Structures are given as structure tokens and as C-alpha cells.
Amino acid sequence: MDAEPDAIFIGAGHNSLACACHLATRGWKVVIYEQNAEPGGAVKTGEYTLPGFRHDWAAMNLSLFAGSSFYSIHAEELIQHGLGFAPTESPFASVFPDGRWLGVSNDAALTTARVRGFSVTDAETWAELTADFPNRAKTILNVLEAPMNLIAITSLCWKTWRKVGTAGALGLAQFLMMSPRAWLDKTFESDHVKATLAAWGMHLDFAPDIAGGAVFPYLEGMAGQAFGMMLGRGGAATMTNAMVKMIEARGGTIHCNATVAEIEHVEGRAIGITLADGTVVRASKAVIANVAPSALVRLTGDTGDKRHTQAMQKFQHAPGTMMIHLAMDALPDWIAPELKCFAYVHMAPSMDQMARTYAQAKAGLLPDEPVIICGQPTVVDPSRAPKGKHVLWLQVRMAPGQIKGDAKGEIIATDWAEASEPFANRALDILERYAPGTRAKILGQHIVTPIMLETDNPNLVGGDQVCGSHHLHQHFMNRPAHGYADGTTPIKNLYHTGAAVWPGGGTGAGPGTLLAKKLAGN
Ligand SMILES: Cc1cc2nc3c(=O)[nH]c(=O)nc-3n(C[C@H](O)[C@H](O)[C@H](O)COP(=O)(O)OP(=O)(O)OC[C@H]3O[C@@H](n4cnc5c(N)ncnc54)[C@H](O)[C@@H]3O)c2cc1C
């Protein structure tokens, strides 16, 4: 009989995989149970339209992973196990109804010149932001990567104050609380420049007027220019596949089609799990749950901590996403041909429109003008499609998990099975507006509704792609609830990880890495 593992993981999302990799390198025996037929959670790749066309099911941009502390520690071993990146120097652009466009490239002079096309003053500001970025980014990333416990926060405040002084520390605190619109209005004058950056807030649930959202447009804009964008070679799954191989090479095991139905705990201490088929598995040191907060308390039952239980049950999710995967005969013919070289093209015309789209989705309405993020991965990595062909990755933001109506008054259906087709057509109409003739180039199409995202991965509640709103009341020391942002729970030896835990969503493996370091002691 196999020896009892040190740690059992619930769910094979990339945070579990990262945590398991790190613990395995520190001598821990790890076992992962995943309800899906394959590991990876929101990071996986498959032929969802036609044979030979490889699509990233959800995450496509792996820049956060490439820049993560997890990757910096384990890069060599991951590369040995097959991890490969496909970098691009042309990360993102926005196209506008007036036919103009603005793209950020990994060439500061080129990007600044493009900004100058909209405003000379904004180009000067852009150049100042660029010069200041290396220093400022370090200060901000120190905050975004810090463990959220009292000692770490105190030490961080002290170090920040020593580095930037009182005015600098207060300025940083103010910036971290600003909405995208507040910061963009203070910083730039061109509406095109503002909208280009504000679109990044919509990757999370930071619509232009949401406090705490300014940092994402700033970091994505500046980091896109400084580093470009990293895609996975052959698909985003290169990342999760390499982590799986690393875990197995170090004696760990991953079981798929294995739903965890219960977390066993006795006298306030977790001892193991029960699978849906009744199998009981024990762990000697830790049970680590990469699940949505509401699922955590369903798995534990009564923990004896009412405050924690209520916080998990009331944890708030962001609006959902719809994905459209397209197999293409050719790339779209954008109204500006230069757009063909960018990994992402945002169709997010103005901050006002983005604010309206978000408000509509929050109210349960299908937005009249959803934000479209058109990913063109085959521009960067042609191996994902047969020679000369392409795939497109369309993210439709935002979409309500439960439909109450249609902001445009055209779609009658309120269940996703019926609404998906007409809503996808609305998204494709928008794409067609900016790239006429795109529909005629589509060879195959696969629509993934918010409900399908959740069915595939129960952590994506209502199609919420980041497992929980990142608004200030649920971020920093409040993610997923204050007192528990370091992955602890009221039950000893039971830990919580994944996008619902600080530092939150994205492919940066932050929650898993911070937890692994805490458990291993380094
Ligand atoms: C459509 C979409 C696009 C995105 N695009 C990007 C992007 O381009 N770049 C980026 O950085 N981020 C992106 N994100 C966000 C990012 O992918 C996620 O935040 C991140 O991958 C979440 O990782 P995780 O470790 O929290 O777990 P998840 O990926 O959520 O995985 C959790 C796993 O746990 C399993 N599980 C849950 N409950 C159980 C149970 N009871 N028993 C067994 N298994 C269970 C699930 O099946 C799942 O496999 C995107 C997300 C989505 C959905």
C-alpha cells in the first residue's frame, strides 16, 4: 500500500500545481485530485473547433507566469519538462470606431510616437511614465507579491517608507485606491489613450469607475511596453503540462476524474478527504483546497467559525465571460492593417461605454456593446493551426452568469443555451465592424458560455473568470476574508489556495507559491 501523502490537493488549477511543485522540491509527497478529465483548470489547450486548430480554453496570456516568483525559482526544471514560451513584441492594441488605433509595442520610442499621434502632451507623459517604470514597478510589485499577514505587511510598510518617504508612500496608497478613470483623467488628455489603457481593467472587474482598478491598466500598459507578452508555445497548456511532469518526476501523483466530495476533519484538524466514489484518502501534513470559497464550506461542513463560514458563503463573484473560439482561413482584415501583428486587439471604444457594459452585466443584462478582446495567438505561434491558417480567441466581456434580459432589447432568451448564439452574433458583428469580411473567413466556431465555463471548472462561478471580484473590499488582506488571506482556514492543516485567495486571479501562481513557501518554510 502507498504511504500516506504529506499533502493532498483538491483541484489541479495552476496554483495547486505550483504549490505541489514547490513542496515536492522540498521533499513533500503530494497527491492531487481533479474533478475534470484533465488538469490545468483555466489553463488548458485543445482542438475545440477543427482538427489541427489548437485553442486556449481560457487563459492565453502567460506573462504573469513568466514574470512570477514561482517561475524564477523553478524555470530550469520546468523547461526540462517541456515548458516553452512564444514571446511577442507587439502585445496589445485598441481599435476605435473612427478608424484610428493605438498599439503598445516592446519599443518605447515606437509606442511613444504612436501616443504622440493622439496628443503631444500625452506622449511627454508616456515618456515620463516609461522612465519611472522600473523603479515604480518594483515598489508596486513588492506590495502585490507580499504575503498578507501582519508581520509581512508591517515590514512592507516600513521598507516602502524607507525607500520612497512619507509623500511617496502616501502617493502609492492613493494610487492603489484610485479607479482607472480617476487615474487616466489625471494623467492623460486623449480619450483614445485613456480607453486603450482602461480596457485592461475589464480583464478583471475593474470597470473605469471602480476604486482600486488603476493599477492594472498602468502595469499592463507599462509592462507590455517593457516586456512584450508571453504566450505558451503550442498553447497555454505548455505551462500546466510542464508542472504536471515536474510533480510526477518528483514522485507526486495527479488523479483526474476524481471529484472531492468532503474534507475530513476531527477536533479542528484536517486529516484527509473523501472522493465522490467513497474513497477515503489521508494526508499527514496538509489538505490544500483550490476551490471557490462557497465550495470550501460545503466540503468542510461546520468549521465552528461562523465569521469565516459567512464570509465564504457571501464571497462575491465578478460578472462572467463568454469565449468564442474560431478556426480561421485567414486573419481578420482590420480597418488598420497594422493590427494584424498584435497578440490582443481590444474593441473597447470609450471609458463611458466600458462603464455602461459593466453596469449592464452587473444588472443581469446582456450588454448592448460588450468589450471584445480578440486574441491572435497564431500571429505569435503559427504552430497552433495548419500552415497558413489561424485561430482567434475572442473574449466577450462582460456577460451575466444569469440572464435577466437584454440591454439592446433584441434577445428574448434568458437561458444561455438559447442566448449563446444571438449574443455570439452580437460579438461577431462588433468584430465585423472593425474587420469587415471576418465572418467569411471562419472555418469552425465553438462558443463557451459562462455556464459552460462553470460546468467545466466549478471555481468559475457564473463564468467569473477570476474566481471572485477583486474590488478593494475583497482584495489585499480581505481576499478571501480578513484573517485568512495567507491561505489558512479555521481548521488546522486545511489550507485554501487558488484565485480566490490573495494575491488573486491570473496565471502568476501567486497564491500557490506564497502558500508553498509558508508550508515549506522557504
Ligand atoms: C476565460 C478566461 C480567460 C482568462 N485569461 C487569462 C489570461 O489570458 N491571462 C491570465 O493571466 N489569466 C487569465 N485568466 C485567469 C486565470 O486563468 C485564472 O485566474 C487561473 O488560471 C486560476 O487558477 P487556479 O489555480 O485558481 O485554479 P483554476 O484554474 O480555477 O482550477 C481549479 C481546478 O479545481 C478543480 N476543482 C474544483 N473543485 C473540485 C473538487 N471538489 N474536486 C476536484 N477538483 C475540483 C477544477 O475542476 C479546476 O480544474 C482567464 C480565466 C478565464 C476563465
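Residues numbered from 1 in each chain as written. Predicted model: local features only at pLDDT ≥ 70, side-chain atom pairs only at ≥ 80, totals over all residues.

(A) Looking closely at the overall build of the protein. Each helix and strand in the protein was counted, giving 17 helices and 21 strands. Relative to the 2.2 N^0.38 estimate, which gives 24 Å for 522 residues, the radius of gyration of the protein is 22 Å and therefore close to what a compact globule would have. Along the longest, intermediate and shortest principal axes, the C-alpha atoms of the protein span 65 × 55 × 45 Å. Of all intrachain contacts in the protein linking residues separated by at least 6 positions in sequence, the fraction that spans at least 24 positions is 74%. (Helix = DSSP H or I, 4+ residues; strand = E, 2+ residues; numbered from the N terminus. Rg over C-alpha atoms; globule rule 2.2 N^0.38 Å. Contact = placed C-beta atoms within 7 Å.)

(B) Layout of the nonpolar core. Core analysis: the largest hydrophobic core is formed by 162 residues, its most contacted members being A20, V30, M243, I247, V287, I288 and L394. Once residues within four sequence positions are removed from consideration, V287 is found in contact with I8, I263, A270, G272, I273, N493 and L494. (Core = buried A, V, L, I, M, F, W, Y, C linked by C-beta atoms within 7 Å. Buried ≥ 20, exposed ≤ 12 C-beta atoms within 10 Å, placed from the backbone.)

(C) Spatial organisation of the sheet that holds strand β2 (residues 30-33). Strand order in the open sheet made by the five strands is β9-β2-β1-β13-β21, with parallel pairing throughout. Each of the sheet's edge strands pairs with one partner strand only, and the pair in question is β9 (253-255) and β21 (494-496). Averaged over all neighbouring strand pairs, the angle between strand axes comes to 20°, with direction disregarded. (Pairing = 2+ DSSP bridges. Axes fitted to C-alpha atoms, helices over the stretch in contact; angles between N-to-C directions.)

(D) Representation of the site of the ligand. With respect to spatial proximity, 39 residues lie near the ligand, and among them G11, G13, N15, G41 and G498 are the closest. When residues of the shell around the ligand are traced back to their parent elements, those giving at least two are α1 (14-25) and β14 (320-328). Top element by residues in the shell around the ligand is α1. It accounts for three residues. Taken together, the residues of the shell around the ligand sort by class into 19 nonpolar, 19 polar and one charged. (Near = placed C-beta within 6 Å. Nonpolar A, V, L, I, M, F, W, Y, C, P; charged D, E, K, R; others polar.)

(E) Summary view of the pairing of strand β13 (residues 286-289). On β13, burial covers both faces: A286 and I288 on one face and V287 and A289 on the other are all buried. As paired elements, strand β1 (residues 7-10) and β13 share four bridges and run parallel to each other. In the strand pairing of β13, A7 is matched with A286. Relative to β21, β13 is paired through three bridges, and the arrangement is parallel. What sits directly across from I288, in β21, is Y495.

(F) Examining helix α15 (residues 416-434) more closely. Compared with an ideal rise of 1.5 Å per residue, which puts 19 residues at 27 Å, α15 spans 26 Å between its outermost C-alpha atoms and is within 8% of the ideal. Turning to α15, its buried residues number three or more, namely W416, A419, S420, F423, A424, A427, L431 and Y434. (Expected span 1.5 Å × (residues − 1).)

(G) Structural detail: the sheet that holds strand β6 (residues 92-95). Judged by pairing direction, the sheet is mixed, and its seven strands sit side by side in the order β7-β6-β15-β17-β18-β14-β20 without closing on themselves. One side of each edge strand has no neighbouring strand; the edge strands of this open sheet are β7 (101-104) and β20 (442-448). Taken pair by pair, the neighbouring strands of this sheet meet at an average axis angle of 20°, ignoring direction. Along the sheet, helix α13 (residues 351-362) makes contact with β17 (371-375) and β18 (390-399), crossing β18 at roughly 70°.

(H) Expanded view of helix α10 (residues 237-249). In a regular helix each residue adds 1.5 Å, so 13 residues correspond to 18 Å; α10 covers 18 Å between its end C-alpha atoms and thus fits that length. For α10, the set of buried residues is A237, T238, M239, T240, N241, A242, M243, V244, M246 and I247. Note on α10: the residue one or two positions beyond its end, G251, has a positive phi of about 90°.

(I) Examining the packing of α1 against helix α17 (residues 510-520) more closely. For the pair α1 and α17, interaxial distance at closest approach is 7 Å and the crossing angle is 30°. With respect to α17, the axis of α1 lies roughly parallel. α17 is crossed by α1, and the crossing has right-handed handedness. Residues N15, S16, A18, C19, H22 and L23 of α1 form the contact with α17, whose own contacting residues are P511, G512, T513, L515, A516, L519 and A520. (Parallel < 35°, antiparallel > 145°, perpendicular 65-115°, else oblique. Left-handed = near helix turned anticlockwise from the far one by under 90°.)

(J) Structural detail: the packing of helix α4 (residues 108-116) against helix α5 (residues 120-144). Where α4 contacts α5, the two axes come as close as 7 Å, and the packing angle between them is 150°. The angle between α4 and α5 places the two elements in the roughly antiparallel class. At the point where α4 passes α5, the crossing takes the right-handed sense. Contact residues: A108, T112, V115 and R116 in α4; V120, D122, A123, W126, A127 and T130 in α5. Per-class residue counts for the contact of α4 with α5 are six nonpolar, two polar and two charged.

(K) Representation of unusual backbone geometry within the structure. Cis peptide bonds are those with omega within 30 degrees of zero, and the linkage from R479 to P480 qualifies with 5°. Examined against the element boundaries, P480 turns out to sit in the loop between α16 (450-456) and β21. In this model, W502 is joined to P503 through a cis peptide bond whose omega is 0°. Its location among the elements puts P503 in the loop between β21 and α17. A positive phi angle is found at E267, which is not glycine, with a value near 50°. Within the secondary structure layout, E267 lies in the loop between β10 (260-266) and β11 (269-275). Here E267 falls in the exposed class, since 7 other C-beta atoms lie within 10 Å of it. Positioned with a positive phi, N493 is a non-glycine residue whose angle comes to about 70°. Along the chain, N493 turns up in the loop between α16 and β21. Owing to 20 C-beta atoms within 10 Å, N493 belongs among the buried residues under this scheme.

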